[in-house]
Amino acid sequence: MDSRLRGNDSGVVVVRNDNHGNMKILILGAKGSLGRQLMKVFAEGNEVLGWDRGEIDITDRELILRKVEEVKPELVINAAAYNAVDKCEDNDEEYELAKKLNIDGPKFLAEICLKIGATLIHYSTNYVFNGEKDSGYVETDEPKPINRYGKSKFHGEKRILELSGQGLKWYLVRTSKLFGPRGQSEMAKANFFDIMLEQGKNKASVEVVDDEASCFTYTPDLAKATRELVDGGYGYGIYHLTNSGACTWYEAAVELFKLAKIETEVKPIAGDKLVRPAKRPKYAVLLNTKLPPLRNYQEALKEYLYSKEPK
Ligand SMILES: NC(=O)c1ccc[n+]([C@@H]2O[C@H](COP(=O)([O-])OP(=O)(O)OC[C@H]3O[C@@H](n4cnc5c(N)ncnc54)[C@H](OP(=O)(O)O)[C@@H]3O)[C@@H](O)[C@H]2O)c1
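Residues numbered from 1 in each chain as written. Predicted model: local features only at pLDDT ≥ 70, side-chain atom pairs only at ≥ 80, totals over all residues.

*Asks:* Sorry, what's going on with the overall build of the protein here?
*Replies:* If you tally the helices and strands in the protein, you get eight helices and 14 strands. A compact globule built from 311 residues would reach a C-alpha radius of gyration of about 19 Å, and the protein, at 19 Å, matches this within 12%. Referenced to the eigenvectors of the C-alpha coordinate spread, the extents of the protein come out at roughly 55 × 40 × 35 Å. Out of the 311 residues belonging to the protein, those deemed buried represent 42%. Long-range contacts, defined as pairs at least 24 residues apart, comprise 77% of the intrachain contacts of the protein with a sequence gap of at least 6. (Helix = DSSP H or I, 4+ residues; strand = E, 2+ residues; numbered from the N terminus. Rg over C-alpha atoms; globule rule 2.2 N^0.38 Å. Buried ≥ 20, exposed ≤ 12 C-beta atoms within 10 Å, placed from the backbone. Contact = placed C-beta atoms within 7 Å.)

What follows is the structure, given as C-alpha cells:
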C-alpha cells in the first residue's frame, strides 16, 4: 500500500494514503502506548493526523474546540488519558489532574464532535466495575467504581453518553491491562510484562498477586479491533475489547516466564500483601458480546516477546 508516515517541524505526524484517503482521522494521545498502534493501524487508506501533549492539551476547552474544528476530522479517536491509578488515590492534586483528563477531556471532545458531525471513539477501563460479579461484565452492566481512577473514567463515559441523545456518533471501548511497545514520552510507563521480565532477570523468585483476575490486552490487537469496529459498520455504543483468557497477575507471570524461558520462581500472594493506595476490583473481567473475540493473550504475548520492535 502507498501509505507514508511523515514527521514535520511541529512534531505532528501526518499519515496519508495517496491512493485512498477514505477518511480524515484525528488521533489524540498519539504517542501513548495505544495511540502509537492506532496511528499505524488506521494509516492504511486514511488520512491520519496524530496529536499528543506537544500539539494540544485536551483539558483546554477553547483550544480543543478551535483546533479540532480547524482540522474538521470525520473521526476523532481519543487515546489520551490519566492512568496513574495509585498516584491519584491518595493525592488530591493528582486526582484533580485525573478528573481534568478523564472527564473534561472527553466532554470537550464530545462537544466538538457533535458540532462538526464527527464520530468519537473513546477508551475506558474495566476499573469502572467493582469486581464483585464473578461471571464477568457485559457491556450493559452498571458501573460501580471502587477507586478514584475508576470514578474519573466512569464520569468521562457519562459525559459522552449525555450527548448521545443529541445526535453524537460515538463508540466507547472498555479495555484492561494493556501491554505492547511502550509509549514514546519520557513519562511512559513500563507494562506488567516488562516489569516482570526485568525482575525475572535479577531475582531468584518474585511474588505476584493471585486473587485479582481480568484480561490482558495487546495494544496492536486492540488497535486492529478498533479499526474493525469502524470499518465493519458496527453500531454506535459501548464495546468490551480485550484479548481472550481471563487470568490473575500470578498466572500471567507464570505464562511469561515459561514463554521467555526464565527460571525464576513465581510465588502467589494476596493483593492485600502489597501496599497500594487504590483498591482493586477482584474479578474485573470484561465480556465481549458484540465483536468477534480477539485471540488469546498467550498468543499475543508470544508475538510481543519475539517481535523486533523495541519494547
Ligand atoms: N494502560 C492500561 O493498562 C489501560 C487499562 C484500561 C484502559 N486504558 C485506557 O486506554 C487508553 C489508552 O491508554 P494508554 O495506556 O495507551 O495511555 P498512555 O500510554 O498513558 O498514553 C496517553 C497519552 O496521552 C498523552 N497526554 C497526557 N496528558 C495529555 C493532555 N492533557 N493532552 C493531550 N495528551 C495528553 C500522554 O502524554 P504523556 O505521556 O507525556 O503524559 C500519552 O502520550 C486510555 O483511555 C486508558 O484510560 C488503559
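*Asks:* Can you help me understand helix H3 (residues 92-116) in this one?
*Replies:* Counting along an α-helix, one turn takes 3.6 residues, and residues three or four places apart therefore face a common direction. Spanning 25 residues, H3 covers 35 Å between terminal C-alpha atoms, matching the ideal 36 Å at 1.5 Å per step. At Asp-104, H3 is deflected by roughly 30 degrees, the largest bend along its length, and proline Pro-106 occurs up to four residues later in sequence. Along H3, the residues that are buried comprise Ala-98, Leu-101, Asn-102, Ile-103, Gly-105, Pro-106, Lys-107, Phe-108, Leu-109, Ala-110 and Cys-113. The elements touched by buried residues of H3 are helix H2 (61-71), strand S5 (75-78), strand S6 (119-125) and helix H4 (148-164). At the C-terminal side of H3, Gly-117 shows a positive phi close to 80 degrees. (Expected span 1.5 Å × (residues − 1). Bend = angle between axes of the 7 residues up to and from the residue.)

*Asks:* Would you take a moment to explain the environment of Asn-91 for this structure?
*Replies:* Relative to the helices and strands, Asn-91 resides in the loop between S5 and H3. C-alpha of Asn-91 to C-alpha of Pro-277: the two residues are 186 residues apart in sequence and 9.7 Å apart in space.

*Asks:* Sorry, what's going on with the packing of H3 against H4 here?
*Replies:* For any two helices packed against each other, the geometry comes down to the angle between their axes and how far apart the axes lie. Two elements in contact, H3 and H4, have axes separated by 9 Å at closest approach and are oriented at 15 degrees. Relative to H4, the element H3 is oriented roughly parallel. Crossing of H3 against H4: the hand is right-handed. Contacts between H3 and H4 involve Tyr-95, Ala-98, Lys-99, Asn-102, Ile-103, Pro-106, Lys-107, Ala-110 and Leu-114 from the former and Arg-148, Tyr-149, Ser-152, Lys-153, His-155, Gly-156, Arg-159, Ile-160 and Leu-163 from the latter. Residue classes in the contact of H3 with H4 are distributed as nine nonpolar, four polar and five charged. (Axes fitted to C-alpha atoms, helices over the stretch in contact; angles between N-to-C directions. Parallel < 35°, antiparallel > 145°, perpendicular 65-115°, else oblique. Left-handed = near helix turned anticlockwise from the far one by under 90°. Nonpolar A, V, L, I, M, F, W, Y, C, P; charged D, E, K, R; others polar.)

*Asks:* I would appreciate a short explanation of unusual backbone geometry in the present structure.
*Replies:* Generally, phi is negative for residues other than glycine and the peptide bonds are trans, each holding for most cases. At Lys-177, a position not held by glycine, the phi torsion is positive, near 40 degrees. Considering the arrangement of structural elements, one finds Lys-177 in the loop between strand S7 (169-175) and strand S8 (178-179). For Lys-177, a count of 21 C-beta atoms within 10 Å puts it in the buried group.

*Asks:* Whenever I open this one, the site of the ligand confuses me. Can you help?
*Replies:* The environment of the ligand is made up of 28 residues, and the closest members are Gly-29, Gly-32, Ala-80, Ala-81 and Ser-185. Of all the secondary-structure elements, those providing two or more residues to the shell around the ligand are helix H1 (33-43) and S6. Among the elements that take part in the shell around the ligand, H1 stands out by supplying three residues, more than any other. Looking at the shell around the ligand residue by residue, the class counts come to 12 nonpolar, 11 polar and five charged. (Near = placed C-beta within 6 Å.)

*Asks:* What's the story with the nonpolar core in this structure? I'm lost.
*Replies:* Soluble, globular proteins show a tendency: their nonpolar side chains are buried together. By size, the foremost hydrophobic cluster in this structure holds 77 residues, and its most contacted members are Ile-27, Leu-38, Val-76 and Leu-120. What Leu-38 contacts, discounting residues up to four positions off in sequence, is Ile-27, Ile-77, Ala-79, Ala-223 and Thr-226. (Core = buried A, V, L, I, M, F, W, Y, C linked by C-beta atoms within 7 Å.)

*Asks:* Sorry, what's going on with the packing of helix H5 (residues 192-202) against helix H7 (residues 249-260) here?
*Replies:* One can describe the packing of H5 onto H7 by two numbers: an axis separation of 10 Å at closest approach and a directional angle of 60 degrees. Put simply, H5 runs oblique to H7. Viewed along their axes, H5 and H7 form a crossing whose handedness is right-handed. Note on element contacts: H7 touches H5 through Trp-249, Ala-253, Leu-256, Phe-257 and Ala-260, opposite Phe-192, Phe-193, Met-196, Leu-197 and Gly-200. Its residues assigned to classes, the contact of H5 with H7 shows nine nonpolar, one polar and no charged.

*Asks:* I tried to follow the environment of Phe-216 on my own but got confused; where do I start?
*Replies:* Locating Phe-216 in the fold gives a position in the loop between strand S10 (213-214) and strand S11 (217-218). Phe-216 gets classed as buried once you count the C-beta atoms within 10 Å, which come to 28. Sequence separation of Phe-216 and Asp-194 is 22 residues, and the distance between their C-alpha atoms is 13 Å. Setting aside chain neighbours within four positions, we find Phe-216 in contact with Lys-177, Phe-179, Asn-243, Ala-252 and Tyr-297.

*Asks:* So what exactly am I meant to see when it comes to the confidence of the model for the protein here?
*Replies:* Detailed reading of predicted coordinates is not advised where the pLDDT is low. Summing up the model confidence of the protein, the mean pLDDT is 92 and the portion of residues at 70 or higher is 92%. Here residues 1-21 is modelled with pLDDT under 50, and outside its nearest four sequence neighbours on either side it reaches 39 contacts, counting other chains as well. (pLDDT = per-residue confidence, 0-100.)

*Asks:* Got a minute to help me understand the environment of Glu-263 in this structure?
*Replies:* Looking at the secondary structure, you find Glu-263 in the loop between H7 and strand S14 (265-269). Here Glu-263 falls in the exposed class, since 7 other C-beta atoms lie within 10 Å of it. Counting along the chain gives 80 residues from Glu-263 to Gly-183, while the straight-line C-alpha distance between them is 29 Å.

*Asks:* Can you walk me through helix H8 (residues 297-306) in this structure?
*Replies:* Taken residue by residue, H8 has Tyr-297, Ala-300, Leu-301 and Tyr-304 as its buried positions. Down the axis, H8 shows its buried residues gathered within 100 degrees of arc, on one side only. Each element contacted by the buried residues of H8 is listed here: S8, H5, S11, helix H6 (219-231) and H7. (Arc of directions from axis to C-beta.)

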